[in-house]
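Close look at the chain arrangement
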Amino acid sequence: MFSGKRFKLNSVFVFILMLCILLFLLTSCGQKTTSQQGQSKNIQNSKEIILATTTSTQDSGLLDVLIPIFEQKTGFKVKTIAVGTGQALAMGEKGDADVMLVHAPEAEMELVKKGAAINRQLVMHNDFVIVGPPEDPVGVKDAKSAAEAFRLIADKKALFISRGDNSGTHKKELALWKKVGIEQPIGKWYQSTGQGMGATLDIASEKGGYTLTDRATYLMKKEKLRLIILKEGDKELLNIYHVMQTNPEYVRQNNPNAAKMINVEGAKAFVEFMVSPETQKVIGEFGKEKLGQSLFVPDAGKNESDILK
């Protein structure tokens, strides 16, 4: 009778032991599968880079030409996110982008000084222009400078359409307002779209307002707009583009998981591609066939101070 109870207890013990072993094996397999899936995901993503850039590089059509060349040459795939430069820089700082192509030098340098961006390289420039209705009701075309043109618009309370999106273009616009003593324009005459350059030009055309735009996007859309260039050529209207990588060491301090996903190799390859002689030649030729003039001036290897002279 006692030995029978012992047998039953041993049987229960063996059953429980076997069940524990089974559960352990299942858990280990699950962890291995998850680990393998994670490794597969990392391997797959290692050939993709996220490019945060300004809408002007997309709206002008430049990226449609350059990215296929880069992808074919390097094997990396590019996911492009075209937003205002301010948002593009914020993506880089957070680790949500691997590389940035932007046009707000002062804001860019803030990221470099913080250590959030590395390998910043001069790529190209074009310029901003002030456009408006052909009638030019406030006489912008007769202004002696871009700043004076802004003063005329403000004094007459003529309709001005702003991107209002913290982009490089918006930053330049605000700098021009400040130059004439206006910290932030207010009133019904000043309207913000919160959209990219292409959409802002469309709205300015529809409403008969003035706006500040990069030349490339304007020229690509010119035929469909009731807007003409009224002020151009000022040094203060230069529009300079740089490319730079996100620094994973900086991102790791605040978001270790995001830092692990930054594609350093791919970002470096994109920077090198943008400043290579072959790419610079493509940039210099872009727009000539369709518009009879280049939309960007290649600048790799130059000093920014020389461009500003």
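Just above, that's the structure.
This text gives an overview of the structure that appears in the document. Note that the structure is a prediction, hence the values are computed from the model and not measured. (Residues numbered from 1 in each chain as written. Predicted model: local features only at pLDDT ≥ 70, side-chain atom pairs only at ≥ 80, totals over all residues. Heavy atoms only, no water.)

**Focus: the overall build of the protein chain**
Scanning the protein chain from terminus to terminus reveals 15 helices and 10 strands. The proportion of buried residues among the 309 residues of the protein chain is 46%. Carbon and sulfur atoms form 55% of the exposed surface of the protein chain, whose accessible area is close to 16300 Å². (Helix = DSSP H or I, 4+ residues; strand = E, 2+ residues; numbered from the N terminus. Buried < 20%, exposed > 50% of the residue type's maximum accessible area, 1.4 Å probe, protein only. Areas by Shrake-Rupley, 256 points an atom, 1.4 Å probe, with all protein chains shown as cover.)

**What about the nonpolar core?**
Of all hydrophobic cores here, the largest spans 37 residues; its most connected members are M274 and F296. When contributions to this core are tallied by element, the ones reaching two or more residues are strand 1 (48-54), helix 3 (62-74), strand 3 (99-102), strand 4 (117-132), helix 8 (197-207), helix 9 (215-221), strand 9 (238-246) and helix 12 (264-274). Here this core gets 6 residues from one element, more than from any other, and that element is helix 12. Filtering out sequence-adjacent residues up to four positions away, F296 remains in contact with S60, L62, M124, H125, N126, A216, Y241, I283, G284 and F286. By size, the runner-up hydrophobic cluster in this structure holds 23 residues, among which are A143, A149, A158 and V180. (Core = buried A, V, L, I, M, F, W, Y, C linked by side-chain atoms within 4.5 Å. Contact = heavy atoms within 4.5 Å.)

**Comments concerning the packing of helix 6 (residues 146-156) against helix 7 (residues 168-179)**
Helices that pack against each other are described as a pair by the angle of their axes relative to one another and the distance between those axes. For the pair helix 6 and helix 7, interaxial distance at closest approach is 9 Å and the crossing angle is 80°. One element, helix 6, and the other, helix 7, form an angle in the roughly perpendicular class. Mapping the contact onto sequence places A146, A147, F150, I153 and A154 in helix 6 and E173, L176, W177 and K179 in helix 7. Across the contact of helix 6 with helix 7, the residue classes break down as 7 nonpolar, no polar and 2 charged. (Axes fitted to C-alpha atoms, helices over the stretch in contact; angles between N-to-C directions. Parallel < 35°, antiparallel > 145°, perpendicular 65-115°, else oblique. Nonpolar A, V, L, I, M, F, W, Y, C, P; charged D, E, K, R; others polar.)

**Considering the side chain of T57**
Positionally, T57 belongs in helix 2 (residues 55-59). A polar contact is formed between the side chain of T57 and the backbone oxygen of T54, at a distance of 2.9 Å. In this view, T57 contacts L62, L63, L101, M124 and Y241; residues no more than four positions away in its chain are not counted. (Polar contact = N/O pair within 3.5 Å; in protein donor to acceptor, adjacent residues only side chain to side chain.)

**Section: the pattern of salt bridges**
Between side chains of opposite charge, a pair can form as their charged atoms come close. Throughout the structure, instances matching the rule amount to 15 salt bridges. Ionic pairing is found between R120 and E304, a salt bridge with its closest N-O pair at 3.9 Å. Pair noted here: R120 is in strand 4 and E304 is in helix 15 (residues 304-308), with a separation of 184 residues, a long-range link. Across the pair K302 and D299 runs a salt bridge, and its minimum N-O distance is 2.9 Å. Taking the relative accessible area as the measure of exposure, D299 reaches 0% and is therefore buried. Salt bridges here are not isolated pairs; linked through shared partners, they connect E108, R120 and E304. (Salt bridge = Lys/Arg side-chain N within 4 Å of Asp/Glu carboxyl O.)

The quantities given are spatial measurements derived from coordinates; they are silent on function.
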